[in-house]
Amino acid sequence: MDLFEYMRQEQQQSESPLAARIRPATLDEVVGQEHIIGKGRLLRRAIQADKLGSVIFYGPPGTGKTTLARVIANTTSSEFIQLNATTSGKKDMEEAIKSAKDRLGMYGKKTILFIDEIHRFNKSQQDYLLPYVEDGTVTLIGATTENPYFEVNGALISRSTIFELKPLSGEDVRTLIMRAVYDGEKGMGMYNAQIDDDAADFLADVAEGDARRALSAVELGVLTTEPSEDGKIHITREIAQECIQRRAPRYDKGGDNHYDTISAFIKSMRGSDPDAAVYYLARMLEAGEDPVFIARRIMICASEDVGNADPNAICVAVSCSLACERIGMPEAQILLSHAASYVASAPKSNAAVNAIFAAKELVRTKGNLPVPPYLQDSHYKGAGKMGRGIGYEYAHLYRDHYSGQPYLPEEIRGARIYEPSESGHEQEIRSYLYRLTGDERYRKPEDLLDR
């Protein structure tokens, strides 16, 4: 490093945003993520022993992925090279690999290659790294906000240890806020600032685990607030609210938050919790999710999880979907709330789901068994001569419109496919089928207490 590069880095450090300046330099300064860097944890032991293998840090923004990489840089005896996948290309990787090879060959010194936003690299760029990670030319540290199992090359995944970083707790974020306000060396302490407890609590809450967001608000508040008569800059709750503005829902339509939220929405409807269902619905709508997509999921749930326990649920869901397409937002949110709360509150049964999978299993294991001749089509010339349709018993000619004639192929007669539950309308279905057929399985569900 020459004098100009040193001066550039020193100036950059002094002019960096607060969140970058206050970044911890050692493991003991890191706040949060105890599940991976707590005392005795694998990652902490590996960093302290300087025996870190290739890793990928995965988590939401502001949870400390880059911070941990910088701590490793300060701890390791290896050379540390940092790239950002949003601005770097294959040429940058080639230069990093070449210098790593030269360093290893001439000095026996290893290289840690940190790639921030690694999911931004395309498949061929990620493939380029594979042989050098595998032969130890570089130790890879990747950081990503996207689920690596979806966005990172499977071969890189298999050669790395995945560490998931969680959103920081409110108490963790509050600790960082207080450090930022009063630290005179890295923080805003030289401004003689003071933050009220309720302001710190407010910022810690609305940051939703994103430390960078909270620290940016602190910095803005200190730099834009005039000192009071006592000479101090007072950060009140009102100032904190102005600096952080309205919280933006963390939601990526193509990433984890999309899938996690829609999963929670569906499971809440399935679990008969209308409060939670409408809450997750609101989160998706606030984040700009497509109402038609949400309506499709409600329709699926109405059939998959409610089914014949309340046959009206699918009618409500389909009507909601059609109405959403015709009306649009913002009125569509009322329709979606109507349908979601109805499906969540309806009695539940997955008997229809079990029935189709049981039937498909019979088809796979038994093949296409012959249709009984009396059920075959007889509406063409010569069908009778071939025995088609002969012996068919027309149900409406019999009492209760039921003849008792078997309809399954002979080889699987008696197979149990659709077994209605005792939930909602399916109780009536069970009772009707028992009265009609006398089949004991409709009289009392087997193993009901064990399900």
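Everything numeric here is computed off the predicted structure, so don't read it as measured data.

About the cut-offs
Residues numbered from 1 in each chain as written. Predicted model: local features only at pLDDT ≥ 70, side-chain atom pairs only at ≥ 80, totals over all residues. Heavy atoms only, no water. Helix = DSSP H or I, 4+ residues; strand = E, 2+ residues; numbered from the N terminus. Rg over C-alpha atoms; globule rule 2.2 N^0.38 Å. Buried < 20%, exposed > 50% of the residue type's maximum accessible area, 1.4 Å probe, protein only. Contact = heavy atoms within 4.5 Å. Areas by Shrake-Rupley, 256 points an atom, 1.4 Å probe, with all protein chains shown as cover. Lys, Arg positive; Asp, Glu negative; His and termini not counted. Charge placed at Lys NZ, Arg CZ, Asp CG, Glu CD. Expected span 1.5 Å × (residues − 1). Arc of directions from axis to C-beta. Pairing = 2+ DSSP bridges. Axes fitted to C-alpha atoms, helices over the stretch in contact; angles between N-to-C directions. Parallel < 35°, antiparallel > 145°, perpendicular 65-115°, else oblique. Nonpolar A, V, L, I, M, F, W, Y, C, P; charged D, E, K, R; others polar. Patch = residues over 30% accessible without salt bridge, like charges linked within 9 Å, V, L, I, M, F, W, Y side chains within 5 Å. Salt bridge = Lys/Arg side-chain N within 4 Å of Asp/Glu carboxyl O. Phe/Tyr/Trp six-rings, centres within 6.5 Å; stacked < 30°, edge-to-face > 60°. Core = buried A, V, L, I, M, F, W, Y, C linked by side-chain atoms within 4.5 Å.

## Quick notes on the overall build of the protein chain
Right, on to step 1. Along the protein chain, the regular secondary structure elements total 20 helices and 7 strands.
Right, on to step 2. At 32 Å, the protein chain has a C-alpha radius of gyration far larger than the 22 Å of a compact globule built from 451 residues.
Right, on to step 3. With respect to the principal axes defined by its C-alpha atoms, the protein chain has extents near 100 × 65 × 45 Å.
Right, on to step 4. When the 451 residues of the protein chain are sorted by exposure, 41% land in the buried category.
Right, on to step 5. Pairs at least 24 residues apart make up 70% of the contacts formed inside the protein chain by residues separated by at least 6 positions.
Right, on to step 6. Accessible surface for the protein chain amounts to roughly 25100 Å². Of this, 50% is attributable to carbon and sulfur atoms.
Right, on to step 7. Averaging the locations of the 54 positively and 66 negatively charged side chains of the protein chain gives two centres separated by 7 Å.

## Overview of helix α18 (residues 332-345)
Right, on to step 1. In a regular helix each residue adds 1.5 Å, so 14 residues correspond to 20 Å; α18 covers 20 Å between its end C-alpha atoms and thus fits that length.
Right, on to step 2. Within the sequence span of α18, burial applies to A332, L336, A339, A340, V343 and A344. One face of α18 carries all of its buried residues, which in axial projection span an arc of 130 degrees.

## Some words on the environment of T66
Right, on to step 1. Summarising the element assignment, T66 is placed in helix α5 (residues 65-75).
Right, on to step 2. Distance in space between the C-alpha atoms of T66 and N312 is 52 Å, their sequence separation being 246 residues.
Right, on to step 3. Setting aside residues no more than four positions away along its own chain, T66 makes contact with R23, F114 and D116.

## Section: the sheet that holds strand β5 (residues 161-164)
Right, on to step 1. In space, the 5 strands of this open sheet follow the order β2-β3-β4-β1-β5, with parallel pairing throughout. Taken across any chain shown, the strands that pair with only one partner, and hence form the sheet edges, are β2 (79-84) and β5. Within this sheet the neighbouring strands show an average axis-to-axis angle of 15 degrees, counted without direction.
Right, on to step 2. Helix-sheet contacts for α5 involve β1 (55-58), β2, β3 (111-116) and β4 (139-144), and the interaxial angle to β1 is about 145 degrees.

## Some remarks on the environment of L223
Right, on to step 1. With respect to the helices and strands, L223 occurs in helix α12 (residues 211-224).
Right, on to step 2. Looking at L223, the relative accessible area reads 49%, which means it is partly exposed.
Right, on to step 3. Once the C-alpha coordinates of L223 and D102 are considered, the two residues, 121 residues apart in sequence, prove to be 46 Å apart.
Right, on to step 4. For L223, the contacting residues outside a window of four places in its chain are M188 and Y191.

## Quick word on the packing of helix α16 (residues 291-306) against helix α17 (residues 312-327)
Right, on to step 1. Between α16 and α17, whose axes approach to 8 Å, the crossing angle comes to 170 degrees. As summarised for this structure, α16 and α17 are arranged roughly antiparallel, according to the angle between their axes. Residues V292, A295, I298, M299, A302, S303 and V306 of α16 form the contact with α17, whose participating residues are A313, I314, A317, V318, S321 and E325.
Right, on to step 2. A breakdown of the residues in the contact of α16 with α17 according to their chemical character gives 10 nonpolar, 2 polar and 1 charged.

## Things to note about a nonpolar patch on the surface
Right, on to step 1. The grouping of Y392, Y394, L397, Y398 and Y407 at the surface amounts to a nonpolar patch, some 570 Å² of accessible area in total.
Right, on to step 2. If you trace the backbone, L397 turns up in the loop between α19 (351-366) and α20 (426-437).

## So, the packing of aromatic side chains
Right, on to step 1. One pass over the full model with this rule turns up 5 aromatic pairs.
Right, on to step 2. When the ring of Y128 is compared with that of Y132, the centres are 5.4 Å apart and the planes differ by 55 degrees; the resulting orientation is tilted. In this pair, Y128 and Y132 both sit in helix α7 (residues 123-134), 4 residues apart, roughly one turn of the helix.
Right, on to step 3. On the accessibility criterion, Y128 (17% relative accessible area) is buried.
Right, on to step 4. Classification of Y132 by relative accessible area gives buried; the value is 16%.

## Some thoughts on the nonpolar core
Right, on to step 1. Within the largest apolar cluster, 32 residues are counted, with the highest numbers of intra-cluster contacts made by I177, I195, L203 and V218.
Right, on to step 2. Within the residue set of this core, elements represented by two or more residues are α2 (18-21), α10 (170-182), β6 (193-195), α11 (197-206), α12, β7 (233-235) and α13 (237-244).
Right, on to step 3. When neighbours within four sequence positions are excluded, V218 is seen to be in contact with L18, I177, A180, V181 and L203.
Right, on to step 4. Grouped together as the second largest cluster of nonpolar side chains are 27 residues, I262, F293, I294 and L336 included.

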